[in-house]
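# Report on the structure
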Amino acid sequence: MSSERRPFNTSSDIELPPGPVNVCTRCWKGVVAAHFGLWSDPVEKALDNIDGPRWTGGYEYSITEAEWNACRNSLCRWGKFIQREVFDLYARLRGFEQYQQFEDFGPPWHYRIGTPSPLTSGKASSIIIVVNDYPEITLGVFAHLDDPAAAWIEGRTRNPFIGRPDVLATARSFVDNCVQNHERCRVSSSISESASLPTRLIDCSDLQYPRIVVTDGWDKHVPYVALSYVWGGEQPHRTTEANLPSYMNGIDLSLLPQTILDAIHVTRTALGVQYLWIDSLCIIQDSREDKQRELAKMRDVYLHAFLTLDAANAQSVSQGILHDGEPLGSSTAIPFVCPPRFGQHELLVGSIYISSPLGYDHNINPWSSDALRSSQYIFTGKRAWCLQEALLSGRRLLFTTLDLQFRCRSSTEHVGGPRGRPFIGYQDVTPPEPILIHPVSTPLPGSDDWANIHFVWQNIVEDYMRRFLSYPSDRLVACAGLAELFGRTLRSEYLAGLWKDSLLYDLLWYTRGEGNVQCGDDRAPSWSWAASAGGGPVRYERYKAPLGTVSYVQLAEVGECAVVLEDPVLRFGPATAGFLMLHAPLIGPYRKRTPFNSSGFPTRVVLERTVGQRGDESGKQYDHEHTDVAVADQTPFLDTFRVIVPYMDRAYAPEEELGGVWLVPLVYHNPRREDTMSSLQCLVVAEARAGTGPDCTPDEREGPRVFKRVGYHCAYERSDYQFVGELHHKIDGQWTFPRTEIKLV
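Fair warning: this is a prediction, and the values are worked out from it, not measured in the lab.

### With respect to the overall build of the protein
Across its full length, the protein holds 18 helices and 32 strands. Counting across all 745 residues of the protein, residues that qualify as buried make up 54%. Pairs at least 24 residues apart make up 71% of the contacts formed inside the protein by residues separated by at least 6 positions. Accessible surface, the protein as shown: approximately 32,200 Å² in total, 49% of it carbon and sulfur.

Spelled out as structure tokens, the structure:
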């Protein structure tokens, strides 16, 4: 052992009791006696370590191959757990390209075990394990309520019986506690009490004949519950102009799918609320006018609901939400030596349960954010419409396939499972408080508060673009409620998912995976992430905008910009067209070569161009009109420049469509640190109208060149030295290189 220290204070006459037969002596006297490092300093990674990850905190020990074999041969419960949950998981991890450097996995093995954060409650709910500086594994820790370990372990064994009356009663107690004791939640509730009601609600007072009521003319706000769910196909029960009069008299329960029946039961019986809002029933689905009007109110429907029922355990509306949870998978019971309390003269031994990592697809990197999005445990976490419904809701009952959870602005509670953190590792992106409470003071563009709110918006976009959308034309509609809230605080013009005051940096998004941006369609302009058909998740280069620091140089200026809205009344709705003017360097043209494929970046392509001077000894001509004005004019000899672009929006577009592409540098980053490379953040664009052909009008020839976005490239000094080096020299030397005016559509 590299560390044999006792992690708790106790008098020397308290001896460790003999270990059980299912734990070997070495593990019993070491990691078990040390309480798995749960009361040591938290396990943390040093982010500024140049030589690689460096971990601190927790309980440490090392084990040789011979010691490990002895542990396994003794059928040690801890060793069995390490083999199944750590070694096997790391073996799978090494199959991913970005972790090839971890090929050598001991022996010997050095373990670091503890908590991922300080124990604010004095009780543990999770454990973190790091072996040989591999990526960490975080696991849940649970105990039975009547076990001695329950005094030290916050998590409780899961209650999967979601539909039982006692489980729903416990959930109701969490709701009542929130209403009575959560100050943050009360502020939001007081605002909701003065808000307008949805146009229609479902009156659940008669459980046998629920009916639709129209709220027009009601003189006071009434609490109502909203439902967030996955349709999973056509909805034969939906409200239409023909059946609305009948539904206002009473709805035959035999017409309703199980999820809606369960939602009515929970609303009235378990929560004691009379009214319920469900989109398929409260919006006239065959009326374009009604749908447009009601979709514009979606923000307020969920923002001002008393509570939202999140049907996360149902893949379609026919499945229901009150069925029992699925088996948890593997969890291991391990003896737990309880830390002695003051005056205690013997150590009590209880049992804890350490869970497996949950929600991971074995075919993808388990440490990536995409892994959680592939989870089968939260189906609404895959649906784009459900994101704003979740983020806008002040209180939620989350019905997962594992357990029932209550979430509000102040806490997360579970009917079984750990308290204070999501049981299955699913974390919502939470909008900042000023976004949710009105009126608000407006932060100044460029201030830290403004940049932090903008940063959260980019996080939401990344989450949103991972999700499924049945109709790509709804891309801007399904997040319009959130955009309206952010726009109210940022006070910036909204341009098809981007903000005018940070437009230069909002352009620096890129797709991962099989990109499929539909340039030039009627969904959004090519420079908006909303133009993506969802072929790959969207990521952002992370900057605080605007960036007026020494480390960053803005290489372009944004001029006039505008979008054409499908409906001018819906400022945050779909855009049918748009343009923006850039005064920026234009480097190219490049010719697209054979796609460069790898498991990590399936959209990589090789761009190539040849530059030089007219009449040089090779006899080749140099086209000054269509070649890089920033670099090539300074190049005295013919040379071939190749750039590998990993983030092409349309990597496999027809060659005639991407016959020539240009790079447009927007931001230069020089961190001025030896361990960090300088870089250029560039758009990849293709000319949409050359302006020089025989069919072009005189006005077109004189106007700016028109391009559409086809990709993104981050050029690093070391890997793209031919392309970047000269520009870097000129930037550091304060040389102002030529810019040209271009129009992006």
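### So, the environment of lysine 500
Topologically, lysine 500 is positioned in the loop between strand 19 (498–499) and helix 16 (503–506). Placed 62 residues apart in sequence, lysine 500 and alanine 562 show a C-alpha to C-alpha distance of 9.4 Å. If near-sequence neighbours (up to four positions away) are discounted, lysine 500 is found in contact with Ser492, Glu493, Leu495 and Cys561.

### Section: the packing of helix 14 (residues 448–464) against helix 15 (residues 480–490)
Between helix 14 and helix 15, the shortest axis-to-axis distance is 11 Å and the interhelical angle comes to 165 degrees. One finds that helix 14 runs roughly antiparallel with respect to helix 15. Here helix 14 and helix 15 pass one another in a crossing that is left-handed. Two secondary-structure elements touch here, helix 14 through Trp450, Ile453, His454, Val456, Trp457 and Ile460 and helix 15 through Leu482, Ala483, Phe486, Thr489 and Leu490.

### Section: the nonpolar core
Membership of the largest hydrophobic core comes to 119 residues, with the highest contact counts inside it found for Leu309, Leu397, Phe399, Trp529 and Leu666. Here this core takes seven residues from helix 14, the largest share from any one element. Setting aside residues no more than four positions away along its own chain, leucine 666 makes contact with Leu504, Leu507, Leu508, Val553, Gln554, Leu555, Ala556, Leu582, Gln681, Cys682 and Leu683. Residues Cys76, Phe87, Trp109 and Val141 belong to the second largest nonpolar core, which totals 44 residues.

### Some details on the sheet that holds strand 10 (residues 224–228)
One open sheet accounts for eight strands, arranged 9-8-11-10-12-15-16-17; its pairing is mixed. The outermost strands of the open sheet, each flanked by one partner alone, are strand 9 (211–214) and strand 17 (412–414). Strand after strand, the sheet turns through a mean of 30 degrees between neighbouring axes, direction not considered. Two elements, strand 8 (residues 200–203) and strand 9, share four bridges in a ladder whose sense is antiparallel. Opposite isoleucine 202, over in strand 9, you have isoleucine 212 as the bridge partner. Packed onto the sheet, helix 4 (residues 165–181) meets strand 12 (307–310), strand 15 (395–399), strand 16 (404–408) and strand 17 and runs at close to 10 degrees relative to strand 16.

### A closer look at the confidence of the model for the protein
The predicted model of the protein averages 76 in pLDDT, with 68% of residues at 70 or higher. Looking over the protein, one finds the lowest element-wise mean pLDDT in helix 11 (residues 369–373), namely 40, and the highest in strand 11 (residues 275–277), namely 98. Counting interchain partners and residues more than four positions distant, the pLDDT-below-50 stretch residues 651–658 has 18 contacts. Confidence drops under pLDDT 50 across residues 691–695; counting only partners more than four residues distant or on other chains, this segment forms seven contacts.

### What about the side chain of glutamate 687?
Mapping glutamate 687 onto the fold places it in strand 30 (residues 679–689). A polar side-chain atom of glutamate 687 sits 3.1 Å from a polar atom in the side chain of arginine 705. Beyond its immediate sequence surroundings of up to four residues, glutamate 687 is in contact with Gly660, Trp662, Arg705, Val706 and Phe707.

### Details of helix 14
Between the first and last C-alpha of helix 14 there are 24 Å, a value that for 17 residues agrees with the 24 Å anticipated at 1.5 Å per step. Counting buried positions along helix 14 yields twelve of 17 residues, so the element is predominantly enclosed. Three or more residues of helix 14 are buried, namely Trp450, Ala451, Ile453, His454, Val456, Trp457, Gln458, Ile460, Val461, Glu462, Asp463 and Tyr464.

### A word on unusual backbone geometry
A positive phi angle, close to 55 degrees, is found at histidine 35, a residue other than glycine. Residue class for histidine 35 comes out buried when judged on its relative accessible area of 1%. The backbone phi angle of alanine 496 is positive, close to 55 degrees, even though this residue is not glycine. Counting through the fold element by element, alanine 496 comes out in the loop between strand 18 (494–495) and strand 19.

### Points about the pattern of salt bridges
Under the counting rule described, the total for this entry stands at 18 salt bridges. Measuring nitrogen to oxygen at the nearest pair gives 3.8 Å for the salt bridge that ties glutamate 493 to lysine 500. Look at glutamate 493 and you get partly exposed, because its relative accessible area is 39%. Linked through salt bridges whose partners overlap, the residues forming this network are Arg200, Glu289, Asp290, Arg293, Glu294 and Lys297.

### Some details on the packing of helix 12 (residues 384–392) against helix 15
Here helix 12 crosses helix 15 at 45 degrees, and the two axes come no closer than 8 Å. Here helix 15 runs oblique to helix 12, going by the angle between their axes. Facing Gln388, Leu391 and Leu392 of helix 12, the residues of helix 15 in contact are Ala480, Gly481, Leu482 and Leu485. Across the contact of helix 12 with helix 15, the residue classes break down as five nonpolar, two polar and no charged.

### Let's talk about the packing of aromatic side chains
The description of an aromatic ring pair uses the distance of the two centres, along with the angle that the planes make with each other. Enumeration over the complete set of coordinates arrives at 17 aromatic pairs. Where tyrosine 494 meets tryptophan 499, the ring centres are 4.9 Å apart and the plane angle is 55 degrees; that geometry is what we call tilted. For tryptophan 499, a relative accessible area of 0% corresponds to the buried category. On the basis of an interplanar angle of 75 degrees and a centroid distance of 5.4 Å, the ring pair of tryptophan 662 and phenylalanine 707 is categorised as edge-to-face. One end of the pair, tryptophan 662, is in strand 29 (residues 661–669); the other, phenylalanine 707, is in strand 31 (residues 705–716), with 45 residues separating them in the sequence. One aromatic cluster is present, built from ring pairs that chain together Trp457, Phe486, Tyr494, Trp499 and Phe572. Here the guanidinium or amino end of arginine 709 rests over the ring plane of tryptophan 509, the centre of that ring lying 3.5 Å away. If you follow lysine 743 out to its NZ or CZ, it ends over the ring of phenylalanine 579, 5.0 Å from the centre.

### A look at the environment of isoleucine 129
Mapping isoleucine 129 onto the fold places it in strand 5 (residues 126–131). Isoleucine 129 sits 92 residues away from glycine 37 along the chain, and the two C-alpha atoms are 9.9 Å apart. The residues contacting isoleucine 129, other than those within four sequence positions of it, are Trp78, Phe81, Ile82, Val86, Tyr90, Arg112, Ile113, Glu136, Ile137 and Leu139.

### Digging into the pairing of strand 8
Neither face of strand 8 is open: one carries Arg200 and Ile202, the other Leu201 and Asp203, and all of them are buried. The pairing of strand 8 with strand 11 spans two bridges and is antiparallel. Directly across from isoleucine 202, in strand 11, lies its bridge partner leucine 276.

Conventions adopted
- Residues numbered from 1 in each chain as written.
- Predicted model: local features only at pLDDT ≥ 70, side-chain atom pairs only at ≥ 80, totals over all residues.
- Heavy atoms only, no water.
- Helix = DSSP H or I, 4+ residues; strand = E, 2+ residues; numbered from the N terminus.
- Buried < 20%, exposed > 50% of the residue type's maximum accessible area, 1.4 Å probe, protein only.
- Contact = heavy atoms within 4.5 Å.
- Areas by Shrake-Rupley, 256 points an atom, 1.4 Å probe, with all protein chains shown as cover.
- Axes fitted to C-alpha atoms, helices over the stretch in contact; angles between N-to-C directions.
- Parallel < 35°, antiparallel > 145°, perpendicular 65-115°, else oblique.
- Left-handed = near helix turned anticlockwise from the far one by under 90°.
- Core = buried A, V, L, I, M, F, W, Y, C linked by side-chain atoms within 4.5 Å.
- Pairing = 2+ DSSP bridges.
- pLDDT = per-residue confidence, 0-100.
- Polar contact = N/O pair within 3.5 Å; in protein donor to acceptor, adjacent residues only side chain to side chain.
- Expected span 1.5 Å × (residues − 1).
- Salt bridge = Lys/Arg side-chain N within 4 Å of Asp/Glu carboxyl O.
- Nonpolar A, V, L, I, M, F, W, Y, C, P; charged D, E, K, R; others polar.
- Phe/Tyr/Trp six-rings, centres within 6.5 Å; stacked < 30°, edge-to-face > 60°.
- Lys NZ or Arg CZ within 6 Å of the ring centre and 35° of its normal.

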